[in-house]
Structures are given as structure tokens and as C-alpha cells.
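Coordinate analysis (summary)
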Amino acid sequence: MKSPDEYERTALVGAPFSNSTESEVWFYNVCAGGGVEARRCVNDDDEFNPCPLVTLAVLGQTPAEWVDGRTASGEARLADRCTEKTTPAEARREANIKAAAEERAVIEAQHYGPLFELPPGVT
């Protein structure tokens, strides 16, 4: 995910939902995956670092990542998906890729490290 400032710069002025019922339905279907654990978004799991897109919506701005084109009158049309959504499987895959890269870096450092110590001042 990008930084909260980057999301705020691209957000549209105006609340994405006309009322709390509309927002609850959208959050349930998109963020909570319709109640299916494998389809929920993990970006809002950390209570101390909530999803910046949800925060923008609560503050009355529409994240650009939630918009799917424009209506005939030129208003932003809210999509039925979020382009920044990360499911639990995607999060695990990213963590595995990162762990494998770190492990590879350690092995390469051990393998390609110096064969002997150089005296001080010699590079």
C-alpha cells in the first residue's frame, strides 16, 4: 500500500456514501469479503494502523481506488471493489516472497563474502 498522504492527494472531495447503511453494506461486501474469510481484506487488521482508505472515507473523502469511472452527469461512480484489497492468501504470499528474498540475501552474503580478513586500512 501507498502512504496515507499519497491516497489523500488522489482522493476525491466528497463522502463516498450517502448514509451509514450504504457504507456498512459496501464495507461488508468489499472489505469484509461478504463474510467469507478468504475474501476479506487484511489492510485494516492492525487497530493501531488502520486502512488509510477507510480512514479517508470516514473523514468524508472518496478514495480514488474505490472509483470506477464517472456517471453521465460527471459524478464519480463508486465501484464494487477496492484496487488496494489484499486477501489473507495474498498477504501470506507476499510474506513468503519477502522471507525467501531475505534468506537468499543471507546465503549469498555467506557464500560471496570475503575468503579472508583484510588488514585494517586495506580495501
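Below is a summary of the structure that appears in this document. Sequence order sets the numbering: in each chain, residues are counted from 1 along the sequence as written. Side-chain atom pairs in this predicted model are given and counted only at pLDDT of 80 or more, local residue features only at pLDDT of at least 70, and totals for whole chains, interfaces and linings cover all residues. To obtain the side-chain values, all non-hydrogen atoms of the structure were included, while hydrogens and water were left out.

In this section: the overall build of the protein. Put simply, DSSP marks the helices as runs of H or I at least four residues long and the strands as runs of E at least two long, and each gets a number from the N terminus on. When helices and strands are tallied, the protein shows 4 helices and 4 strands. Put simply, the protein runs from its N terminus to its C terminus through helices and strands in the order α-β-α-α-β-β-β-α. Relative to a compact globule of 123 residues, whose C-alpha radius of gyration would be 14 Å, the protein shows 22 Å and is clearly more extended. Only protein chains enter the area calculation, which uses a 1.4 Å probe; residues under 20% of their type maximum are buried, those over 50% are exposed, and those in between are partly exposed. The buried share of the protein, reckoned over its 123 residues, is 22%. Any two residues having at least one pair of non-hydrogen atoms within 4.5 Å are treated as being in contact. Put simply, of all contacts in the protein between residues at least 6 apart along the chain, 61% involve residues at least 24 apart. Accessible area for the protein stands at about 8,900 Å²; split by element, carbon and sulfur atoms hold 54% of it. Note that His is not counted, nor are the chain ends; the positive residues are Lys and Arg, and the negative ones are Asp and Glu. Each charge is placed at NZ for Lys, CZ for Arg, CG for Asp and CD for Glu. Charge separation in the protein, taken as the distance between the mean sites of 12 positive and 21 negative side-chain charges, equals 6 Å. Throughout, radius of gyration means the C-alpha value; the globule benchmark is 2.2 Å times the number of residues raised to the power 0.38. Note on areas: these come from Shrake-Rupley sampling with a 1.4 Å probe, and a residue is covered only by the protein chains present in the view.

In this structure, Thr62 sits in strand E2 (residues 61-62). Each residue touching Thr62, except ones within four places of it in the same chain, is listed here: Ala11, Leu12, Gly14, Ala15, Pro16, Val67 and Leu78.

Consecutive side chains of a regular strand alternate in pointing toward one face of the sheet and then the other. Paired strands, in this sense, are two strands between which DSSP finds at least two bridges. Pairing of strand E3 (residues 67-70) with strand E4 (residues 76-78), which is carried by 2 bridges, proceeds in the antiparallel orientation. Within E4, the position partnered with Arg70 by the bridge is Ala76. Linking E3 back to E4 in an antiparallel pair, the connection comprises 5 residues, with Gly74 at a positive phi of about 95°.

Only a pair of cysteine sulfur atoms within 2.5 Å qualifies as a disulfide here. Taken as a whole, this structure holds 0 disulfides when the rule is applied. You can see Cys41 has no disulfide; the closest cysteine sulfur is in Cys51, sitting 5.9 Å from it. Residue class for Cys51 comes out buried when judged on its relative accessible area of 7%.

Take Arg40: it is sitting in the loop between helix H2 (20-31) and helix H3 (52-58). We define a polar contact as two N or O atoms separated by no more than 3.5 Å, with the added condition that, inside protein, one atom must be a possible hydrogen donor and the other a possible acceptor, whereas residues neighbouring each other in sequence contribute only through side-chain atom pairs. A distance of 2.7 Å separates polar atoms of two side chains, one belonging to Arg40 and the other to Glu37. Discounting chain neighbours no more than four positions away, the residues touching Arg40 are Cys31, Ala32, Gly33, Asp45, Lys85, Thr86, Thr87 and Pro88.

Such coordinate-based values are descriptive only and should not be taken to indicate function.
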